[in-house]
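Coordinates in review
Take a look at the letters that make up each chain.
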Amino acid sequence: MKSEKLPMTTEMTGGQTTVRVAVLGSPRAGKSAVTVRFLTKRFIGEYNSSEDMVYRHNTKIDENQVDIEVMDCSCPENQSLPIPETLAVWADAFVVVYSICDRSSFQEAKRLICTVQKLKSPSYVPVMLIANKTDLDHRREVEVEEGQELSLEYGCRFHEVSAADCYISVHIAFTGLMKEIVTMVQNQKLNSLKRRKSSLYSVSKAIQSMFGKNLVKRKPSI
Ligand SMILES: Nc1nc2c(ncn2[C@@H]2O[C@H](COP(=O)(O)OP(=O)(O)OP(=O)(O)O)[C@@H](O)[C@H]2O)c(=O)[nH]1
């Protein structure tokens, strides 16, 4: 994962929201396939996977125009890399992908969820666990119940999908996550606005008590 020079803030300017999502998982779990399927509706069989890739996309979610940035994090074979702190700061949410045909990718998914939650602690971070390659059910090594249990344990979303076979399963999963992030970003903005108004009110009150003037006629509605 190469993530040293990342912009570090979630933005909401005017009606435009930017949400940033990092896609993590074992090598060959299908991170690129899932990401590209969501963003382009297409399944592309093979990707150059030695570099982190940031995809940008603009879409409408619940009447909000949203800029989505998705970082497809590369993962060298046979290595469990630490998650860079810059990536944890950059991302508003994480998608953790495993393959239902590869138990080790499921174990790695558990490690990754645990790590991102620790890195973001004590803040809540939306995490979505994606079990990919359901079209290969005959080679299944991880049962659907195991994915459900893991998601319950860590309080994250869970979807089984096939990037190869089914756009709609990928679309439903990602759209749900996007909606959650947009709502979170909007609530954060609303709360900081409320805090600003209430601190302005406190300053006015302090000035009023110092100078005895009736500077504050009524509490601003927030
Ligand atoms: N049958 C099947 N194959 C898939 C699916 N998704 C991805 N693949 C295949 O799995 C292999 C790995 O997919 P990638 O999307 O490159 O996986 P990745 O996690 O990005 O891999 P790295 O970048 O190497 O870590 C490719 O051969 C894909 O064609 C799927 O849903 N079903």
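- If you check an unreviewed UniProt entry, the protein chain appears there as small monomeric GTPase from Lingula anatina.
- According to its UniProt record, the protein chain has this under Sequence similarities (unreviewed entry): "Belongs to the small GTPase superfamily. Ras family."

1. Let's talk about helix H3 (residues 103-120)
- Taking 1.5 Å as the rise per residue, H3 with 18 residues should run 26 Å; its terminal C-alpha atoms sit 26 Å apart, in good agreement.
- Taken together, the buried positions of H3 are occupied by Ser105, Phe106, Glu108, Ala109, Leu112, Ile113 and Val116. In a view along the axis of H3, the buried residues occupy a sector of 155°, so they form one face of it. Turned more than 90 degrees from where H3 packs its buried face, Cys114 and Lys118 sit exposed.
- Where H3 is buried, its residues touch strand E2 (16-25), helix H2 (85-90), strand E5 (93-99), strand E6 (127-132) and helix H4 (144-154).

2. Some details on the environment of Glu63
- Examined against the element boundaries, Glu63 turns out to sit in the loop between strand E3 (53-61) and strand E4 (64-72).
- Residue classification places Glu63 among the exposed residues on the basis of 7 C-beta atoms within 10 Å.
- Between the C-alpha atom of Glu63 and that of Leu152, which follows or precedes it by 89 residues, the distance is 30 Å.

3. Some points on the pairing of strand E7 (residues 157-160)
- As judged from the 4 bridges shared by E6 and E7, these two strands associate in the parallel manner. Bridge pairing in E7 places Leu129 opposite Phe158.
- Remark: the E6/H4/E7 crossover connection has right-handed handedness.

4. Section: the nonpolar core
- Judged by nonpolar contacts, the single largest core of 49 residues is most densely connected at Ala22, Val23, Phe94, Val96, Val127, Leu129 and Ile130.
- Secondary structure elements with two or more residues in this core: E2, helix H1 (31-40), E4, H2, E5, H3, E6 and helix H5 (167-211).
- Each residue touching Val127, except ones within four places of it in the same chain, is listed here: Ala93, Phe94, Val96, Ile113, Val116, Gln117, Tyr154 and Cys156.

5. A closer look at the confidence of the model for the protein chain
- Taken residue by residue, the protein chain gives an average pLDDT of 84. The fraction at 70 or more is 79%.
- At the level of chain-chain contacts, confidence expressed as ipTM amounts to 0.98, with global pTM at 0.82.

Reading the values: rules and limits
- Residues numbered from 1 in each chain as written.
- Predicted model: local features only at pLDDT ≥ 70, side-chain atom pairs only at ≥ 80, totals over all residues.
- UniProt positions renumbered as here; feature names shortened; annotations may be inferred.
- Helix = DSSP H or I, 4+ residues; strand = E, 2+ residues; numbered from the N terminus.
- Expected span 1.5 Å × (residues − 1).
- Buried ≥ 20, exposed ≤ 12 C-beta atoms within 10 Å, placed from the backbone.
- Arc of directions from axis to C-beta.
- Contact = placed C-beta atoms within 7 Å.
- Pairing = 2+ DSSP bridges.
- Right-handed = clockwise from strand over helix to strand, strands pointing away.
- Core = buried A, V, L, I, M, F, W, Y, C linked by C-beta atoms within 7 Å.
- pLDDT = per-residue confidence, 0-100.

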